[in-house]
Amino acid sequence: MSKKSSLGRGLDALLTKKTTEAPAAQVQNLKLDRITQAAYQPRQVFEPEALAELAQSIREKGVLQPLLVRPRGDAFEIVAGERRWRASQLAGLTEIPVIIRDLGDREALEIAIIENLQREDLGALEEARAYQALIDQGLNQEGVAQAVGKGRSTVTNALRLLSLPDAALRALDAGDISAGHARAILAQPEADRAWALEQITSKHLNVREAESLKREARTATTPVKVNPPRVYRQVELDLSRRTGTKVRITGEDKGRVELNYASREELDRILEILGYITEN
């Protein structure tokens, strides 16, 4: 039986793991101005109110869990703990406890994703983009699943969200629709996905209602344009001359009369000519 990756076992296993070259890293304090943001941060949204609450807690009790950082030239890049770093700045701290580890890009990315997943800090799209970032680092879906300790189907379903139409991606990012709504949109034929999004948002459908959406069949035939009789074409010309605008009559037994105008003032002028507005 193959041994599961320590990444799948969680962040604690990574932070306490010893190697044959050196003992487990020790906690030490670093100046905040020597710490830089992560090159890749799975979490894109940091709620101001939640940060303010954490900052107040840090003022009262300090930073209870050290950041994980890696050396980057003369500075240290955050691998895990950017929220604590941001809140510490709000709290007015000048230094913060850290654990320094020499990590490669892929391992750093895996740890960042795991920390956020364990804290349930990632939105549905943030999670999907994080998995895609691991794939861009050379892992396949099975490898991603093993690395983050998730089922293969969980990773596959998350990645499917990235195929949503742009408008649906924006709605999901903004919280206007849920991941359940997004999956209901993906269940629609590709040509109907924009329609499904409009139905969900305009009618405030819940997920079950969204899953039941079905667009009525549309005919591919183009309506036949019916030219008006000759007498109506003469009326079109007479009305056009009288009103100074384009007039169009469509249909025969049934139809409509169209007068074009480009502004409210032009409409008032046409109505006055036709006797519907009189000047005082």
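Keep in mind that what you see is a predicted model, and the values were worked out from it rather than measured. (Residues numbered from 1 in each chain as written. Predicted model: local features only at pLDDT ≥ 70, side-chain atom pairs only at ≥ 80, totals over all residues. Heavy atoms only, no water.)

### Section: the overall build of the protein
On a plain count of helices and strands, the protein comes out with 14 helices and seven strands. Taking as baseline every contact in the protein between residues at least 6 positions apart, the subset at least 24 positions apart corresponds to 62%. (Helix = DSSP H or I, 4+ residues; strand = E, 2+ residues; numbered from the N terminus. Contact = heavy atoms within 4.5 Å.)

### Side note on the pattern of salt bridges
Within this structure, the stated rule accounts for nine salt bridges. Note that arginine 70 is salt-bridged to aspartate 105, the shortest N-O span being 3.0 Å. Taken together, the positions of arginine 70 in strand 3 (residues 67-72) and aspartate 105 in helix 5 (residues 105-118) put the pair 35 residues apart, joining distant regions of the chain. On the basis of relative accessible area, aspartate 105 is assigned to the partly exposed category, the value being 45%. In this structure, the salt-bridge partner of glutamate 258 is arginine 248, at a minimum N-O distance of 3.7 Å. You can see glutamate 258 sitting in strand 7 (residues 255-259) and its partner arginine 248 sitting in strand 6 (residues 247-251), a full ten residues away along the chain. Judged by its relative accessible area of 24%, glutamate 258 is partly exposed. Assessed through its relative accessible area of 29%, arginine 248 is described here as partly exposed. Each of Arg70, Arg72, Glu77 and Asp105 takes part in a single network of salt bridges with overlapping partners. (Salt bridge = Lys/Arg side-chain N within 4 Å of Asp/Glu carboxyl O. Buried < 20%, exposed > 50% of the residue type's maximum accessible area, 1.4 Å probe, protein only.)

### Brief notes about the nonpolar core
Counting 19 residues, the largest nonpolar core has Leu161, Leu164, Leu172, Ile177, Ile185 and Ile200 as the members making the most contacts within it. For this core, the secondary structure elements donating two or more residues are helix 9 (166-174), helix 10 (179-186) and helix 11 (193-203). With sequence-adjacent residues up to four places away left out, leucine 161 is seen in contact with Ala124, Leu125, Leu169, Leu172, Ala182, Arg183 and Leu186. (Core = buried A, V, L, I, M, F, W, Y, C linked by side-chain atoms within 4.5 Å.)

### Overview of the side chain of glutamine 199
With respect to the element layout, glutamine 199 can be found in helix 11. In this structure glutamine 199 touches His204, Leu205 and Leu213, once residues within four positions along its chain are discounted.

### A closer look at the packing of helix 3 (residues 48-61) against helix 4 (residues 82-90)
Relative to each other, helix 3 and helix 4 sit at 70°, their axes nearing to 8 Å. Taken as axis vectors, helix 3 and helix 4 run roughly perpendicular relative to one another. The interaxial crossing formed by helix 3 with helix 4 has right-handed handedness. Counting all contacts with helix 3, which are made through Ala50, Leu51, Ala52, Leu54, Ala55, Ile58 and Arg59, the residues of helix 4 involved are Arg83, Arg84, Arg86, Ala87, Ser88 and Leu90. Here the contact of helix 3 with helix 4 is composed, by residue class, of eight nonpolar, one polar and four charged. (Axes fitted to C-alpha atoms, helices over the stretch in contact; angles between N-to-C directions. Parallel < 35°, antiparallel > 145°, perpendicular 65-115°, else oblique. Left-handed = near helix turned anticlockwise from the far one by under 90°. Nonpolar A, V, L, I, M, F, W, Y, C, P; charged D, E, K, R; others polar.)

### Here we look at the pairing of strand 4 (residues 75-80)
Across the six residues that make up strand 4, a large majority, six, are buried. Direction of pairing for strand 2 (residues 35-36) relative to strand 4: parallel, over a ladder of two bridges. Directly across from isoleucine 35, in strand 4, lies its bridge partner phenylalanine 76. Bridging between strand 3 and strand 4 involves five bridges; their strand directions are antiparallel. Considered in strand 4, the bridge of arginine 72 is made with alanine 75. Hairpin connection from strand 3 to strand 4: two residues lie between these consecutive antiparallel strands, with glycine 73 at a positive phi of about 65°. (Pairing = 2+ DSSP bridges.)

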